[in-house]
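Structural description and commentary
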Amino acid sequence: QVQLAESGGGSVQAGGSLRLSCAASQYTGSMCRMAWFRQTPGKEREGVAGIGKYGRTIYADSVKGRFTISRDSAKNVLFLQMNSLKPEDAAMYYCAAFRSLNCLSVSPSFDRGQYSYWGQGTQVTVSS
């Protein structure tokens with residue numbers, strides 16, 4: 001139904017910045033929630049930043065103050081601005097989305113089961 005394609009990953013030195021993008025095949029403004037998750041070998045996929053239809057955002061404690069999630073609905077793109085990157089931020093980053101005809105009771109979430117669509121991921125490496 002919805003295709004998501006991440007881009008912007010790469011290698012950066014600790015303390016540097018990176019901006020990830022997630023291009024959606026449909027209008028992102030129609031999504032009840034969208035989010036960025038990340039995963040490293042041996043660990044479960046964890047939520048990093050999420051945004052609801054009306055702009056409410058949530059962040060993992062580990063990235064709060066350093067990462068910013070935003071959306072350009074006109075261009076069907078979700079962004080993740082990552083500043084002050086640390087080696088522990090290195091991971092495969094995934095874009096996720098959930099769409100419903102009724103978004104009134106839907107809030108941003110880090111529950112993987114509450115997202116219907118996933119991208120293939122973009123790799124982020126951070127060197128010290």
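Scroll up to find the structure.
Residues numbered from 1 in each chain as written. Predicted model: local features only at pLDDT ≥ 70, side-chain atom pairs only at ≥ 80, totals over all residues. Heavy atoms only, no water.

Structural notes on the overall build of the protein chain
Regarding its fold elements, the protein chain presents zero helices and 11 strands. Counted from the first residue to the last, the protein chain has its helices and strands arranged as β-β-β-β-β-β-β-β-β-β-β. Computed over the C-alpha atoms, the radius of gyration of the protein chain is 14 Å, within 12% of the 14 Å expected from 2.2 N^0.38 for a compact globule of 128 residues. When its C-alpha atoms are laid out on the principal axes, the protein chain stretches across 45 × 25 × 25 Å. For the protein chain, the share of sequence-separated contacts (at least 6 apart) that also reach a separation of at least 24 residues comes to 64%. On the protein chain, roughly 6,500 Å² of surface is accessible, and the fraction owed to carbon and sulfur atoms is 46%. (Helix = DSSP H or I, 4+ residues; strand = E, 2+ residues; numbered from the N terminus. Rg over C-alpha atoms; globule rule 2.2 N^0.38 Å. Contact = heavy atoms within 4.5 Å. Areas by Shrake-Rupley, 256 points an atom, 1.4 Å probe, with all protein chains shown as cover.)

Comments concerning the environment of Ala74
Tracing the chain through its elements places Ala74 in the loop between strand 7 (67-72) and strand 8 (77-82). For the pair Ala74 and Thr28, spaced 46 residues apart in the sequence, the C-alpha separation amounts to 8.1 Å.

Notes on the packing of aromatic side chains
All chains considered together, the criterion is met by four aromatic pairs. When the ring of Phe37 is compared with that of Phe110, the centres are 6.5 Å apart and the planes differ by 75 degrees; the resulting orientation is edge-to-face. Within this pair, whereas Phe37 is found in strand 4 (residues 31-39), its partner Phe110 is found in the loop between strand 9 (91-99) and strand 10 (117-118), the two being separated by 73 residues in sequence. For Phe37, a relative accessible area of 0% puts it in the buried group. Overall, the relative accessible area of 29% leaves Phe110 in the partly exposed class. Between the aromatic rings of Tyr115 and Trp118, the centroid separation amounts to 6.2 Å while the plane-to-plane angle is 65 degrees, which identifies the pairing as edge-to-face. (Phe/Tyr/Trp six-rings, centres within 6.5 Å; stacked < 30°, edge-to-face > 60°. Buried < 20%, exposed > 50% of the residue type's maximum accessible area, 1.4 Å probe, protein only.)

Remarks on the pairing of strand 8
For a regular strand, side chains alternate in direction, first toward one face of the sheet and then toward the other. Counting buried residues in strand 8 gives five out of six residues, a clear majority hidden from the surface. As paired strands, strand 7 and strand 8 are joined by six bridges and run antiparallel to one another. Bridge pairing in strand 8 places Ile69 opposite Leu80. Taken together, strand 7 and the strand that follows it, strand 8, pair antiparallel across an intervening segment of four residues, in which Asn76 is found at a positive phi of about 55 degrees. (Pairing = 2+ DSSP bridges.)

Remarks on the sheet that holds strand 8
Taken in spatial order, the four strands of this open sheet run 1-3-8-7, and their pairing is antiparallel. Two strands in the sheet have a free side with no partner beyond their single neighbour: strand 1 (4-7) and strand 7. Sheet twist, expressed as the average angle between the axes of neighbouring strands with direction ignored, equals 15 degrees. Here four bridges tie strand 1 to strand 3 (residues 18-24), and the two strands are oriented antiparallel to one another. (Axes fitted to C-alpha atoms, helices over the stretch in contact; angles between N-to-C directions.)

Considering the state of the cysteines
Counted according to the given criterion, the structure contains two disulfides. Shown here is the disulfide that connects Cys22 with Cys95, its sulfur atoms set 2.1 Å apart. Across the S-S bond linking Cys22 and Cys95, the dihedral sits near -75 degrees, which makes this disulfide left-handed. Separated by 73 residues along the polypeptide, Cys22 in strand 3 and Cys95 in strand 9 bring together distant segments of the chain. In the protein chain, the bonded cysteines, numbered by position in the sequence, are linked as 1-3, 2-4. (Disulfide = S-S within 2.5 Å.)

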